[in-house]
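Residue-level structure breakdown
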Amino acid sequence: MSMIKCTECGKEISDKATACPHCGCPMTEILSATKESKKEEKVKPIKEKKIKEPITPEQKKKRILIMSVTAFVLIVAVALIWYFGIKIPQDKAYAEYLVTFDAYNQEIENYNSTVLNYNEKANKIIAANEELTGVIEEAQTLIDCGDTPYDSETMTTLNNTLKNSRNSICETPNIYEKKTALELDESLNKSLASKISEANESLNAKKSEIVSATSEVGEESAALSVPDYSKIIAEIKDEEELLENSYAIQKQITNPTQDFVLAKINNVENIANVACATEENDPNGKLGKDGGYTAQIYFSSPLLGTETIAGDKLIDAGTDAGGSIEVYKTVEAAEARNSYLASFDGGIFDSGKHMVVGTMVVRVSTNLTATKQDSFINEIIEALIEL
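Each value, and the rule that gives it
Residues numbered from 1 in each chain as written. Predicted model: local features only at pLDDT ≥ 70, side-chain atom pairs only at ≥ 80, totals over all residues. Heavy atoms only, no water. Pairing = 2+ DSSP bridges. Helix = DSSP H or I, 4+ residues; strand = E, 2+ residues; numbered from the N terminus. Axes fitted to C-alpha atoms, helices over the stretch in contact; angles between N-to-C directions. Core = buried A, V, L, I, M, F, W, Y, C linked by side-chain atoms within 4.5 Å. Buried < 20%, exposed > 50% of the residue type's maximum accessible area, 1.4 Å probe, protein only. Contact = heavy atoms within 4.5 Å. Salt bridge = Lys/Arg side-chain N within 4 Å of Asp/Glu carboxyl O. Parallel < 35°, antiparallel > 145°, perpendicular 65-115°, else oblique. Left-handed = near helix turned anticlockwise from the far one by under 90°. Nonpolar A, V, L, I, M, F, W, Y, C, P; charged D, E, K, R; others polar. 1 Å grid on protein atoms, 1.4 Å probe; cavity = no way out; pocket = protein on both sides within 12 Å on 5 of 7 lines; lining within 4 Å. Points joined across faces, edges and corners; volume = space filled by probe spheres on them.

It is worth spelling out the sheet that holds strand 4 (residues 295-300) at this point. Pairing between sheet strands relies on hydrogen bonds along the backbone, with the strands arranged either parallel or antiparallel. Read from one edge of the open sheet, five strands run 3-4-5-7-6, paired in antiparallel fashion. Single-partner strands in this sheet number two, and they are strand 3 (274-276) and strand 6 (353-357). Direction aside, neighbouring strands of the sheet carry axes that sit 15 degrees apart on average. Of the strand pairs in this sheet, strand 6 and strand 7 (residues 360-364) are connected by five bridges, and their pairing is antiparallel. Of the residues in strand 7, the one forming a bridge with Met355 is Val362.

This is the structure:
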């Protein structure tokens, strides 16, 4: 038994079957149709082979010519496509890049020139600020040195001037760095036009940034003004000198020697004769003692007609003959003595006008009028504080 295909439905069936179990086609018809099919397959027409005719020399030449012309046309077409589609756009793009490159470097030059002008101003401002700051610091050091001025107002004035001077210092400007010019990238001309155009676009953007930066620096430069601190510095120097002198005055009238006092009052017009108390003839008995004076100098004056009184007689006459200068070691001791004398002011034991000068108590006679007392004591003080 073998399997065959039903010629009606195409399904495989046994050759022993009487009919196709799938479609019911009788086996006789199936077998008959199968035999006819096999006959047709065996009898197939034989195709005739075509005999190629030989190529003539003329045809061969013609074919070669056609192929040559075609190749030439293709080469020309490719060359034209490369030239017009690649070379020309590339050259054009690179030429535009070169223009942008030159323009960019020109803007860099403009920027650097603007920065140079700006920095010159800025450096002058910085130098002026540093000079004023240095003068202020020097003056502040003088204030903080710990010395005591004769006139405290000289220190107060200088302190106020320094405060105002610090507020006068203008803002310190920034210093700009120069920019470096761009070096030409010659390898770019071998790139595609799109890449060159991209580089050109990027460079144009950078050029715009430089132009903007140049404008900003230029505006800042125009707004800069170099300050003139000469008047402020001169004022500080003058007040510094006054404070230094005040320190020097205070030092020379702090516990001065007897000889110093004698040398100073020797130039006072209204002082005639002077006499220095000793431990033996000191009327108060305070010379050289704790809390007492280190020197007691009496003087006569033509203002009272006592210019002839001198020596021990002058010491005996005391301040009534003109006045006296008592020298103490400390300001506190001098102030204590002055306060003691003040307790008698206006009474029968009024000892005249008296003032503390450094660590000295300067006294003038109560027998002088108030106006003459003021004038006389000021004359003595001016001589003592003269540098």
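Here we come to the nonpolar core. Membership of the largest hydrophobic core comes to 23 residues, with the highest contact counts inside it found for Val261, Ile265, Ile325, Met360, Phe376, Ile380 and Leu384. Contributions of two or more residues to this core are made by helix 6 (258-265), strand 4, strand 5 (322-327), strand 7 and helix 9 (370-385). Each residue touching Val261, except ones within four places of it in the same chain, is listed here: Pro256, Ile297, Ile325, Val327, Met360 and Leu384. Ranked by size, the runner-up nonpolar core spans 18 residues in total, among them Phe101, Tyr111, Ile210 and Ala213.

Our focus in this paragraph is the pattern of salt bridges. Counted according to the given criterion, the structure contains five salt bridges. Put simply, Arg337 and Glu326 hold a salt bridge, and the shortest N to O gap is 2.8 Å. Remark: Glu326 occurs in strand 5 and Arg337 occurs in helix 8 (residues 331-342); sequence separation between them is eleven residues. Like Glu326, Arg337 is buried. One salt bridge connects Arg363 with Glu326, and the closest N-O pair in it is separated by 3.1 Å. Pair noted here: Arg363 is in strand 7 and Glu326 is in strand 5, with a separation of 37 residues, a long-range link.

As a further point, take the packing of helix 2 (residues 57-143) against helix 5 (residues 230-252). Axis separation between helix 2 and helix 5 bottoms out at 10 Å; the angle between their running directions is 15 degrees. The pairing of helix 2 with helix 5 is recorded here as roughly parallel in orientation. Pair helix 2 / helix 5 crosses with left-handed handedness. Across the interface between the two elements, Glu131, Leu132, Val135, Ile136, Glu138, Ala139, Leu142 and Ile143 of helix 2 pack against Ile232, Ile233, Ile236, Lys237, Glu240, Leu243, Glu244 and Tyr247 of helix 5. Of the residues assigned to the contact of helix 2 with helix 5, the class counts are eleven nonpolar, no polar and five charged.

For the rest of this paragraph, the subject is the layout of surface pockets. By volume, the largest pocket is sized at about 310 Å³. Forming the walls of the largest pocket are 18 residues, and the residues nearest its centre are Asn284, Thr319, Arg337, Ser351 and Arg363. Going through the elements one at a time, strand 4, helix 7 (311-317) and helix 8 are the ones with two or more residues in the lining of the largest pocket. Take the lining of the largest pocket: its biggest share by element is three residues, from helix 8. For the lining of the largest pocket, the per-class residue count stands at eight nonpolar, five polar and five charged. By volume, the second largest pocket amounts to about 150 Å³. What lines the second largest pocket is simply Tyr118, Ile125, Cys170, Glu171, Thr172, Pro173, Asn174, Tyr176, Glu220, Ala223, Leu224 and Ser225. Broken down by secondary-structure element, the contributors of at least two residues to the lining of the second largest pocket are helix 2 and helix 4 (193-223). Broken down by class, the residue content of the lining of the second largest pocket amounts to seven nonpolar, three polar and two charged.

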